[in-house]
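Understanding the architecture of this molecule
Read off the chains here:
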Amino acid sequence: NIMADLIQSDWVNQLEKDDNAIILDVRTDEEVAEGKIPNAIQIDIYKGQGFIYAVEELDKSKNFYVYCRSGGRSAQACAIMNQLGFDTTYNLLGGFSEWTGEVSN
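One structure accompanies this document, and this report is about it.

Rules of the game
- Every residue gets a number counted from 1 within its own chain, in the order that chain's sequence is written.
- Only residues with pLDDT of at least 70 get local features here, since the model is predicted, and only at 80 or more are side-chain atom pairs given and counted; chain-wide, interface and lining totals rely on the full set of residues.
- Note that the side-chain values use all heavy atoms of the structure and ignore hydrogens as well as water.
- Numbering of helices and strands starts at the N terminus; helices are DSSP runs of H or I of at least 4 residues and strands are runs of E of at least 2.
- Each radius of gyration is computed over the set of C-alpha atoms, and the globule rule expresses the reference value as 2.2 Å times the number of residues to the power 0.38.
- A 1.4 Å probe rolled over the protein chains alone gives each residue an accessible area, and that area as a share of the maximum for its type sets the label: buried under 20%, exposed over 50%, partly exposed in between.
- All accessible areas in this document rest on Shrake-Rupley with a 1.4 Å probe, and a residue is counted as covered only by the protein chains that are shown.
- In the sections that follow, a salt bridge refers to a side-chain nitrogen of Lys or Arg positioned within 4 Å of a carboxyl oxygen of Asp or Glu.

Moving on, we come to the overall build of the protein chain. Counting its regular elements, the protein chain contains four helices and five strands. Ordered by position from the N terminus, the helices and strands of the protein chain form the series β-α-β-α-β-α-β-α-β. Taking 105 residues into account, the globule formula puts the C-alpha radius of gyration at 13 Å, and the protein chain, at 12 Å, falls close to it. C-alpha extents for the protein chain along the principal axes are approximately 30 × 30 × 20 Å. For the protein chain, the residues scored as buried account for 48% of the 105 residues in total. Surface exposure of the protein chain reaches about 5,500 Å², of which carbon and sulfur atoms provide 47%.

This part is about the pattern of salt bridges. Scanning the model with the defined rule gives five salt bridges in all. We note a salt bridge from Asp-25 to Arg-27, for which the minimum N-O separation is 2.7 Å. In this pair, the class of Asp-25 matches that of Arg-27, namely buried. With a closest N to O distance of 3.1 Å, Arg-69 and Glu-31 form a salt bridge. Separated by 38 residues along the polypeptide, Arg-69 in the loop between strand 4 (63–67) and helix 4 (72–83) and Glu-31 in helix 2 (residues 29–33) bring together distant segments of the chain.

Honestly, it's all geometry; don't read function into it.
In structure tokens:
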């Protein structure tokens, strides 16, 4: 299993070239209401076991680009996903708080 911490420019460059990518936002509903990275799906890591159940529904062969507000929860999410058998997860260092790219509602 590959889990990598990537700075924003590397995360974005890799994502743009990746036709097997899913963007995963692990923040709360309140945080997501302030904006998110376009095309991200949200599963709140604070839901605990609920997070596990929801993540288990995802396609483990995809490459997951994971982010939160600052990079801490997303690192945790990547670790959990690797334990659950996901092949490839990329953690966005600095998270959404340092995101300079496009934002959607």
